[in-house]
Amino acid sequence: MKFVYDFPEGNKDLRGLLGGKGANLAEMTNLGLPVPPGFTITTEACKVYLDTGKEPAALRDEVSAHLDALESRMGKKLGQPDDPLLVSVRSGAKFSMPGMMDTVLNVGLSDASVAGLAAQAGDERFAWDSYRRLIQMFGATVLGVGAQLFEEALEEAKERKQAATDVDLEAGDLKKLVTRFKQIVSQEAGRDFPQDPREQMDLAICSVFESWNTERAKLYRRQERIPGDLGTAVNICSMVFGNLGPDSGTGVAFTRDPASGHQGVYGDYLQNAQGEDVVAGIRNTVALADLETIDKKSYDQLLQIMETLETHYRDLCDIEFTIERGRLWMLQTRVGKRTAGAAFRIATQLVDQGLIDEAEALQRVNGAQLAQLMFPRFDDDAKRDLLGRGIAASPGAAVGKAVFDSYTAVKWSRSGEQVILIRRETNPDDLNGMIAANGILTSRGGKTSHAAVVARGMGKTCVCGAEELEVDTKSRRMTAPGGVVVEEGDVVSIDGSTGKVYLGEVPVVPSPVVEYFEGRMHAGADDADELVEAVHRIMAYADRRRRLRVRANADNAEDALRARRFGAQGIGLCRTEHMFLGERRTLVEKLVLADTDDERVNALEALMPLQKKDFIELFEAMDGLPVTVRLLDPPLHEFLPDITELSVRVALAEARKDHNENDLRLLQAVHKLHEQNPMLGLRGVRLGLVIPGLFAMQVRAIAEAAAERKNAKGDPRAEIMIPLVGTVQELEIVRDEAELVIAEVEKARGVRLKLALGTMIELPRAALTAGQIAEAAEFFSFGTNDLTQTVWGFSRDDVEASFFTAYLEKGIFGVSPFETIDRDGVGALVKSAVEAGRATRPGLKMGVCGEHGGDPESVHFFHEIGLDYVSCSPFRIPVARLEAGRAAALSSGSDSR
Ligand code: PEP
Ligand code: MG
């Protein structure tokens, strides 16, 4: 196996092997762009290292061969005393993990070569500055010395000199600082800073491998759902220097605004600085557009390259570059992260530019982004108290209590508080706090600072670089211009779309995207914003392509109407138990307490007109579209008083000698119905089989409602669904009874109702005998909530709170199987049931109505196995439509990337 690739040997499609950074450096090299020469060590080498604790046997020799080639190309040797070749050693995984892993710059410098570098550059200060940076970075990342020790020493040096920034330190100061840094290393690391350049490089490589498994990297991967076994590549790149004086510098750029998608010149530039300074947000940068006045030639060249990259990648790219004495070098590019709104806008803009087609546009957005766009925004008309403003780095409206450190953010959010994490700047150690917070506010750094990049990646609201707000993390307070002080615990509101920061809680209003789906805002109308326009177009692309139909889980007319506005093509699940609550509970109690047939019939007759009314409303709301009504599912005790409360009430009444006959009977009934495992007890079809007349009453209500709608010239399309069936015999009995009732109603009303009768597949036995069950069912609806619960054997109501966190942390699941379908287990069972069902009854209609019906990844699975529809809650319908369209576009192979 080959472990090392020179840049020209790779290409952008080798991200798995060379990491994103390596693959794109290779691509840029092959495009003829100015990339400093270098090579990439593969993720495979990293995997071997992580598995065995050792580098692969062949690695050192391979690295030597590539280093030799690099040295002859550059005409100098690594660390050569009179003219040292220096390299950067950078991590780079398949998926970008900003700031999570290690990087070491200036590798190759030593006591012997620092003077050579000074002579070559004609700049002694630069050479000593580069050397102190190497020791600092190497000490902290490779040798594990506390980073703050170096920072403190640097601060002391600045104080001694009364220097405002590190740029004011002179060669002599930096030389002393190097001595001090070397002392720190010797004291803290138990070894001297290595003077052998090759040893530096080999140690740095291993340290990058190891940084794959730091706690913060693991946390980031869990958050972003990046598999833990991919490993990182290592890029060895010849150094170019942005810290060689005012004609040098370093910057980051986007080919479009990652927050809005607009084309233009977006990015930050820092004169006389080395790479990490920009992203770390340590010194304040200037806008990229200012580079035009600083260095017009490099600026023009950069814009040219940006255009080349955008056309080549056919997408927004982000770029890191360095200018060394007026010469531009490209250090990195990748398809850039963007906000959800920008993703939609960019996708349609690229279609308009002819760079991508509609099918590909669908791959450039996703359901999670659409869901994010449906969150509310701050109400423009509400009174608000502006504290200050910063850069709108990641959109959204976030409200919460001010906290000034990650520990408090996590602690408070665990106890149910909403918090806003406020920092001067963030670094990778703040990741926990950023995850816990509703929003992030920093007083330093630009759109490309750590806070901004990570927040955008997480879809979290962020305002950064709010310089007018003075953040004092030590005393946990922030001071606004004019002297208003925000203490820890005070509520603040931050608007990531405008960059504004407010004191107190600002009320929110629905997002324009929801207004659009609700039909209150129209694409094409004058007041429609660009985002609504883009969402409208993408939804049309999805609707044109999708094969899956999308239905709603809805039990009342209001939800049904909203679902219809959101694009639902019917109701896939109406849970009738929701119609047995509230005031109707007493009627259910009567049913349970009935001693005689008469009493029971009376109780059912009292329920029947209420049910009928519910169904009429529902069928009217969904006129012309299918409505699947599920007969009663949960155990009856759920409609009765709590056993403990009732026991206490009865006991107290007894003590007062105040007997309440009804309570006593109720208590007896509750005891009789009490089950250890109600989810596995008397519920679903079992209830229908043992409580005479219950299902018949419901079927009659459905049939009567349908007949009424027909007589009113409506078009009711009811489907009757039997829950929790495990064997075809259960279904047959209920079916025979239902058919009789329907025939009676048809006869009495003089109409033909054409009610379909089908079943849920939500028990393993049902799935395994789907071929038999299909004999008696006109449709299947997969209840993947119960199916997941019964296949795994864990209670859906208990386990998420009890041990799922541990399972997620141990990597047993990447995500809860109640959220995303477990393809290998539950999914495999669903797939085999689909095949068996269709084998018995070709054309059998099949859908899914468990929570998975609205989950993006699961929708793709249901598309693949050939279901006819997914059903989900009304608010998730747009997401399901979009993902169904994406799945169809993907499987038709039209994704030309
Ligand atoms: C299911 O089990 O997936 C289902 C939709 O039914 P419920 O969630 O009501 O049990
Ligand atoms: Mg169920």
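Details of the structure are given in the entry above.
Every value quoted in this text rests on a predicted model; they were computed, and no experiment measured them.

1. Concerning the pattern of salt bridges
Side chains that differ in charge, positive against negative, can pair when their charged atoms come close.
Part 1 of the argument: In this structure the tally under the stated criterion is 67 salt bridges.
Part 2 of the argument: Glu292 is the partner of Lys296 in a salt bridge, and the nearest nitrogen-oxygen pair spans 3.7 Å.
Part 3 of the argument: A relative accessible area of 44% places Lys296 in the partly exposed class.
Part 4 of the argument: You can call Glu292 partly exposed: its relative accessible area is 34%.
Part 5 of the argument: Of the charged contacts, one joins Arg700 and Glu744 as a salt bridge, the two residues approaching to 2.8 Å between their closest N and O atoms. Of this pair, Arg700 sits in helix α27 (residues 694-711) while Glu744 sits in helix α28 (residues 728-749); the two residues are 44 residues apart in sequence, bridging distant segments of the chain.
Part 6 of the argument: Owing to a relative accessible area of 27%, Arg700 belongs among the partly exposed residues under this scheme.
Part 7 of the argument: Connected via shared salt-bridge partners are Glu577, Arg630, Asp633, Arg683, Asp786 and Arg796.

2. Concerning the nonpolar core
Part 1 of the argument: If you look at the biggest cluster of nonpolar residues, it comprises 138 residues, and the most contacted ones within it are Phe344, Leu370, Val535, Leu694, Phe780 and Phe782.
Part 2 of the argument: At 11 residues, α27 tops the list of elements feeding residues into this core.
Part 3 of the argument: A domain-level breakdown of this core finds at least three residues from each of domain 3 (340-371 + 512-532) and domain 5 (546-634 + 683-891).
Part 4 of the argument: Apart from the residues within four sequence positions on either side, Leu694 is in contact with Phe580, Leu591, Leu604, Leu632 and Leu687.

3. What about the sheet that holds strand β3 (residues 87-93)?
Part 1 of the argument: Spatially, the five strands line up as an open sheet ordered β1-β2-β5-β3-β4, and their pairing is antiparallel. Since the sheet does not close on itself, it has two edges, and those belong to β1 (4-6) and β4 (103-107), each with one partner. Taking the axes of each pair of neighbouring strands and ignoring which way they run, one obtains an average angle of 20° across the sheet.
Part 2 of the argument: Across three bridges, β3 lies against β4 in antiparallel orientation. Opposite Arg90, over in β4, you have Thr103 as the bridge partner.

4. A closer look at the packing of aromatic side chains
By convention here, two paired aromatic rings are described through the distance between centres and the angle between planes.
Part 1 of the argument: As enumerated under the stated definition, the model contains 26 aromatic pairs in all.
Part 2 of the argument: Geometrically, the ring pair formed by Phe804 and Phe813 is edge-to-face, given 4.9 Å between the ring centres and 65° between the ring planes.
Part 3 of the argument: Judged by its relative accessible area of 6%, Phe813 falls in the buried class.
Part 4 of the argument: Ring pairs connect the aromatic residues Trp792, Phe794, Phe803, Phe804, Tyr807, Phe813 and Phe818, which therefore count as one cluster.

5. A short note on the coordination of the magnesium ion (ligand 2)
Part 1 of the argument: The protein atoms donating to the magnesium ion (ligand 2) are Glu762 (OE) and Asp786 (OD), with metal-donor distances spanning 2.0 to 2.1 Å. Here Asp786 lies in helix α31 (residues 784-792) and Glu762 lies in the loop between β28 (756-761) and α29 (764-768), a separation of 24 residues in the sequence. As far as the burial class goes, Glu762 and Asp786 line up, both buried.

6. Brief notes about the pairing of strand β5 (residues 232-238)
Part 1 of the argument: Burial analysis of β5 places seven of its seven residues in the buried class, the great majority of the element.
Part 2 of the argument: By the alternation rule, side chains of β5 split into Thr232, Val234, Ile236 and Ser238 and Ala233, Asn235 and Cys237, which are all buried.

7. Some remarks on the side chain of Glu518
Part 1 of the argument: Within the secondary structure layout, Glu518 lies in the loop between α19 (512-517) and α20 (530-545).
Part 2 of the argument: Among the residues examined, Glu518 registers a relative accessible area of 7% and is labelled buried.
Part 3 of the argument: Setting aside anything within four residues of it in sequence, one finds Glu518 in contact with Arg562, Arg565 and Phe566.

8. Regarding helix α16 (residues 406-414)
Side chains that are three or four residues apart share a direction in an α-helix, a result of its 3.6 residues per turn.
Part 1 of the argument: Considered for burial, the residues of α16 that qualify are Ser406, Thr408, Ala409 and Val410.
Part 2 of the argument: Among the structural elements, β14 (397-403), β15 (419-423) and α17 (431-436) are those in contact with the buried residues of α16.
Part 3 of the argument: If you check the start of α16, you find a side-chain oxygen 3.3 Å away from the backbone N of Tyr407, and it comes from Asp405.
Part 4 of the argument: Remark: Gly416 follows α16 within two positions and exhibits a positive phi of approximately 90°.

9. Observations regarding the site of ligand 1
Part 1 of the argument: Lining the immediate surroundings of ligand 1 are 13 residues, of which Arg575, Gly783, Asn785, Asp786 and Arg796 lie closest.
Part 2 of the argument: Between ligand 1 and the protein, one listed contact pairs an oxygen atom with a backbone N or O atom of Thr784 at 3.0 Å.
Part 3 of the argument: Contact distances for ligand 1 include 2.7 Å between an oxygen atom and a backbone N or O atom of Asn785.
Part 4 of the argument: When ligand 1 is considered free in solution it has 290 Å² of accessible area, and contact with the protein chains removes 95% of it.
Part 5 of the argument: Among the secondary structure elements, those contributing two or more residues to the shell around ligand 1 are β25 (571-575) and α31.

10. Focus on helix α13 (residues 340-352)
Part 1 of the argument: Look at α13: 19 Å from first C-alpha to last across 13 residues, which is about the 18 Å you get at 1.5 Å a residue.
Part 2 of the argument: Most of α13 is tucked away: 12 of the 13 residues are buried.
Part 3 of the argument: In this fold, the buried residues of α13 make contact with β6 (249-256), α14 (358-363), α15 (367-373), α20 and α36 (877-891).
Part 4 of the argument: Positive backbone phi, approximately 75°, marks Gly354, located one or two places after α13.

11. Some thoughts on the state of the cysteines
Part 1 of the argument: Taken as a whole and assessed by the stated rule, the structure comprises zero disulfides.
Part 2 of the argument: Not part of a disulfide, Cys462 finds its nearest cysteine sulfur in Cys464, a span of 5.0 Å.

12. Details of the sheet that holds strand β20 (residues 485-487)
Part 1 of the argument: Strand order in the open sheet formed by three strands is β18-β19-β20, with antiparallel pairing between adjacent strands. Each having just a single partner strand, β18 (470-472) and β20 make up the two edges of the open sheet. When the angles between neighbouring strand axes are averaged without regard to direction, this sheet yields 15°.
Part 2 of the argument: As paired elements, strand β19 (residues 477-479) and β20 share three bridges and run antiparallel to each other. Looking at β20, one finds that Arg477 is bridged to Glu487.

Definitions and cut-offs
Residues numbered from 1 in each chain as written. Chains lettered and ligands numbered in written order. Predicted model: local features only at pLDDT ≥ 70, side-chain atom pairs only at ≥ 80, totals over all residues. Heavy atoms only, no water. Salt bridge = Lys/Arg side-chain N within 4 Å of Asp/Glu carboxyl O. Buried < 20%, exposed > 50% of the residue type's maximum accessible area, 1.4 Å probe, protein only. Helix = DSSP H or I, 4+ residues; strand = E, 2+ residues; numbered from the N terminus. Core = buried A, V, L, I, M, F, W, Y, C linked by side-chain atoms within 4.5 Å. Domains from an automatic or database assignment. Contact = heavy atoms within 4.5 Å. Pairing = 2+ DSSP bridges. Axes fitted to C-alpha atoms, helices over the stretch in contact; angles between N-to-C directions. Phe/Tyr/Trp six-rings, centres within 6.5 Å; stacked < 30°, edge-to-face > 60°. Donors = N, O, S within 2.8 Å, 3.2 Å for Na, K, Ca; no water. Polar contact = N/O pair within 3.5 Å; in protein donor to acceptor, adjacent residues only side chain to side chain. Near = heavy atom within 4 Å. Areas by Shrake-Rupley, 256 points an atom, 1.4 Å probe, with all protein chains shown as cover. Expected span 1.5 Å × (residues − 1). Disulfide = S-S within 2.5 Å.

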